[in-house]
Amino acid sequence: MTDFIRLHLSQIRQQQQATRPTYQSQQRGIISKSRLPNTYEFYSRFDITIKGSKGWQLVKCAFHNDTHASMGVNREHGGYKCHACGASGDRIGFYMQWHSTTFIEACKALNLIEGAQ
Ligand SMILES: [Zn+2]
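Caption draft 1: Molecular detail of the overall build of the protein chain. In terms of helices and strands, the protein chain carries five helices and six strands. Listed by position from the N terminus, the elements making up the protein chain come as α-α-β-α-β-β-β-β-α-α-β. Across the 117 residues in the protein chain, those meeting the buried criterion constitute 11%. For the protein chain, long-range pairs separated by at least 24 residues make up 32% of all intrachain contacts whose partners lie at least 6 apart in sequence.

Written out as C-alpha cells, the structure reads:
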C-alpha cells in the first residue's frame, strides 16, 4: 500500500515538473550586490574621501551645501546618513540620489546585474 502511494506521488511530481513554467527563461538577470566596489572605492568616484578604516566616518555631505562633515559613511556596509539634511541609504541608494535614477537604472549603470541580456 505504501509502495503504491509512493509510486503515485512520484508520478504526480513528474507531472508537476513537466508542467512547471521555466522561470529561467523569464528572468532578466540577478542583482548581485557583491559586484559593488568597496566603500572607499565607491565613494571616491564621487570625490568623497573616507579617512578612517572602520565603522562610521564623517565626511562632507554630497547632497546639501555642507560646511561641516555632517554625513556618516559606514566603512563595512557602505551605507550613508546625513545628520543635517537626512539623506540616507546604501551604495545603490547613493548612486540613485546622486544621478536621480531609478533602482534598476542604478543597478545597470553599476554593472550589478548578472545574466542580463
Ligand atoms: Zn546632507
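Alright, that's what it looks like, and here's the rest.
Caption draft 2: The arrangement of helix H4 (residues 91–99) in detail. Looking only at H4, the buried set comprises Arg91, Ile92, Phe94 and Tyr95. Within H4, the buried residues cover an arc of 160° as seen down the axis, which keeps them to one side. Summarising the contacts, the buried residues of H4 are in contact with helix H3 (39–44), strand E4 (80–82), strand E5 (88–89) and helix H5 (103–109). After H4 finishes, the residue Ser100 shows a positive phi value of roughly 50°.

Caption draft 3: Looking closely at the nonpolar core. In this structure, Tyr43, Cys61, Met71, Val73, Tyr80, Ile92, Phe94, Tyr95, Cys107 and Leu112 together form the largest nonpolar core, which totals ten residues. Setting aside residues no more than four positions away along its own chain, Tyr43 makes contact with Ile48, Ile50 and Val73.

Caption draft 4: Representation of the sheet that holds E5 in the model. One open sheet accounts for four strands, arranged E2-E3-E4-E5; its pairing is antiparallel. Looking at strand neighbours, the two that pair on one side only are strand E2 (56–59) and E5, the edges of this open sheet.

Caption draft 5: How the structure looks around unusual backbone geometry. Even without a glycine there, the phi angle at Asp47 is positive, about 60°. For Asp47, the location among the structural elements is in the loop between H3 and E2. For Asp47, a count of 8 C-beta atoms within 10 Å translates into the label exposed. Not every positive phi belongs to a glycine, and Ser100 is a case in point at roughly 50°. Within the element layout of this structure, Ser100 appears in the loop between H4 and H5. Among the residues examined, Ser100 registers 7 C-beta atoms within 10 Å and is labelled exposed.

Procedures and definitions
- Residues numbered from 1 in each chain as written.
- Predicted model: local features only at pLDDT ≥ 70, side-chain atom pairs only at ≥ 80, totals over all residues.
- Helix = DSSP H or I, 4+ residues; strand = E, 2+ residues; numbered from the N terminus.
- Buried ≥ 20, exposed ≤ 12 C-beta atoms within 10 Å, placed from the backbone.
- Contact = placed C-beta atoms within 7 Å.
- Arc of directions from axis to C-beta.
- Core = buried A, V, L, I, M, F, W, Y, C linked by C-beta atoms within 7 Å.
- Pairing = 2+ DSSP bridges.

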